[in-house]
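# Structural characterization, general
Letter by letter, the chains look like this.
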Amino acid sequence: MAYALITIAVLIGVLLVLRLRLRLEFSSERRLLFLGLGRTGPEFDFRTRRGVLRLFGRELRQFRLGHSISIVETIKTRLETMESDETKPEKTKPKQRTRSLRDIAAIVPECLRALGRYLIGLLQTAIVEQAEAEIEAGFEQPHLTGQLFGYYQAVLGAVPSLGRMQYVPVWSGRAFSGSANLKVAWPIYRLFWQTTLLLTRLPVIKIVKLAIGSKEGAKDG
């Protein structure tokens, strides 16, 4: 029994020190997106519309992108199902559960604050393994290009590590071209901690009550 507990503890420890890695490569020749643990996970090539499932960096299998059922077909199937249900004999339906819009609106600010702090925590705990970019872009209105260049300078001053991400403004008109390589990682233990903080900040009990709803005709309290 002791050996089993030690093995489980070691496995949990190994899992917590692993990194959730996001890798993005964008250029005129490549448009790749990878998301996985370490070097294991799916890699999507949006230029060739193919994907690769990798295991420890090695290709395990390939798959094609864009073969999921379209939204239009899903809606059509749903409408046909509703029409067939209407032709059936009506049965006594149980009382529907309702959710008060006032109660939903009351918890929205608290949820937004919690999610905002969660996103900020993720940005603060992210490990930038590689950040290289060279982008040339501009708008039809030169003042918008100037505003974007000003934002770039402000972010660069706040985060000097982004010095390898260069933005070249194009003042002559609308334009966009460039390349980018970005690798960002989050240790699992940091993600676990940030998620725990999110759950403590969210009004979980109120959310559960809203998800369950109240029966029509029932009175609160």
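Up top is the structure.
Heads up: these notes are all about the structure in this document. Owing to the predicted nature of the structure, the values given are computational and were not obtained by experimental measurement.

## Quick notes on the overall build of the chain
- For the chain, the helix and strand inventory stands at six helices and 10 strands.
- Put simply, the chain has 221 residues, and 19% of those count as buried.
- Summarising the internal contacts of the chain: among those between residues at least 6 apart in sequence, 60% fall at separations of at least 24.
- Accessible surface, the chain: about 17,100 Å² in total, of which carbon and sulfur atoms supply 63%.

## Some points on the pattern of salt bridges
- For the structure shown, the criterion picks out six salt bridges.
- Note that R23 and E25 form a salt bridge whose closest N and O atoms lie 2.8 Å from each other.
- The class of R23 is buried, set by a relative accessible area of 15%.
- The exposure class assigned to E25 is buried, which follows from its relative accessible area of 17%.
- Between E140 and R174 there is a salt bridge, and its shortest N-O distance comes to 3.2 Å. In this pair, E140 is assigned in the loop between β7 (127-138) and α4 (142-158) and R174 in the loop between β8 (165-169) and β9 (175-187), connecting sequence segments 34 residues apart.
- Where salt bridges share partners, they join R23, E25, E43 and R54 into one cluster.

## A closer look at a nonpolar patch on the surface
- The grouping of I6, V10, V14, L15, V17, L18 and L37 at the surface amounts to a nonpolar patch, some 580 Å² of accessible area in total.
- Of all the elements, helix α1 (residues 2-17) adds the most residues to the nonpolar patch, at five residues.
- What makes L37 partly exposed here is its relative accessible area of 34%.

## So, the packing of helix α3 (residues 101-125) against helix α5 (residues 188-201)
- Interhelical geometry of α3 versus α5 gives an angle of 165° and a closest axis separation of 9 Å. One way to sum up the angle between α3 and α5 is to call them roughly antiparallel. In the packing of α3 onto α5, the handedness of the crossing is right-handed. In contact with E110, A114, L115, R117, Y118, G121, L122 and T125 of α3, α5 contributes R190, L191, Q194, T195, L198 and R201.
- Per-class residue counts for the contact of α3 with α5 are six nonpolar, four polar and four charged.

## Section: the packing of aromatic side chains
- Counted according to the given criterion, the structure contains six aromatic pairs.
- Centre to centre, the rings of F44 and F63 are 6.1 Å apart; their planes meet at 75°, and the pair counts as edge-to-face. Taken together, the residues F44 in strand β3 (residues 41-45) and F63 in strand β5 (residues 58-64) connect sequence positions 19 residues apart.
- The partly exposed category is assigned to F44, whose relative accessible area is 24%.
- A centroid spacing of 5.9 Å and a plane angle of 70° characterise the contact between Y152 and Y167, whose relative ring orientation is edge-to-face.

## Quick notes on the environment of F44
- As a C-alpha pair, F44 and Q62 span 18 residues in sequence and 9.9 Å in three-dimensional space.
- In this view, F44 contacts R31, L32, L33, R50, G51, F63 and L65; residues no more than four positions away in its chain are not counted.

## Let's talk about the sheet that holds strand β4 (residues 50-55)
- Across the sheet, eight strands lie side by side as β5-β4-β3-β2-β1-β9-β7-β8; this open sheet has mixed pairing. The two strands at the open ends of the sheet, each matched to only one other strand, are β5 and β8. Each strand of the sheet is rotated relative to its neighbour by a mean of 15°, with strand direction disregarded.
- The sheet contact formed by strand β1 (residues 19-26) and β9 spans eight bridges and is antiparallel. Among the inter-strand pairings, F26 is bridged to a residue of β9, identified as A180.

Rules used throughout
- Per chain, residues are indexed from 1 in the order of the written sequence.
- This being a predicted model, a pLDDT of at least 70 is required before a residue's local features are given, and a value of 80 or more before pairs of side-chain atoms are given or counted; all residues contribute to the totals for chains, interfaces and linings.
- By convention in this description, side-chain values take in all heavy atoms of the structure and omit both hydrogens and water.
- Numbered from the N terminus, helices here are DSSP runs of H or I no shorter than four residues, and strands are runs of E no shorter than two.
- For the exposure calls, accessible area comes from a 1.4 Å probe over protein chains only, and a residue counts as buried if that area is under 20% of its type's maximum, exposed if over 50%, partly exposed in between.
- Only heavy atoms matter for contacts: two residues are in contact if any of them lie within 4.5 Å across the pair.
- Throughout, the Shrake-Rupley method with a 1.4 Å probe supplies accessible areas, and for residues the shown protein chains are the sole cover considered.
- Here a salt bridge means any side-chain nitrogen of Lys or Arg lying within 4 Å of a carboxyl oxygen belonging to Asp or Glu.
- A patch consists of residues whose relative accessible area exceeds 30% and which take part in no salt bridge; residues with like charges are grouped when within 9 Å of each other, and nonpolar side chains (Val, Leu, Ile, Met, Phe, Trp, Tyr) when within 5 Å.
- Interaxial angle, 0 to 180 degrees, is taken between N-to-C directions of lines fitted to C-alpha atoms, where a helix line uses only the stretch in contact.
- Note that the term roughly parallel is reserved for angles under 35 degrees, roughly antiparallel for angles over 145, roughly perpendicular for angles of 65 to 115, and oblique for everything else.
- Each crossing gets its hand from how the near helix is turned against the far one by less than a right angle, where anticlockwise is left-handed and clockwise is right-handed.
- Amino acids outside the nonpolar list (Ala, Val, Leu, Ile, Met, Phe, Trp, Tyr, Cys, Pro) and the charged list (Asp, Glu, Lys, Arg) are all regarded as polar, and Gly is one of them.
- The criterion for an aromatic pair is that two Phe, Tyr or Trp rings (for Trp, the six-membered ring) have centres within 6.5 Å, with stacked assigned to planes under 30 degrees apart, edge-to-face to planes over 60 apart and tilted to the rest.
- Strands pair, by our definition, only if DSSP identifies at least two bridges between them.

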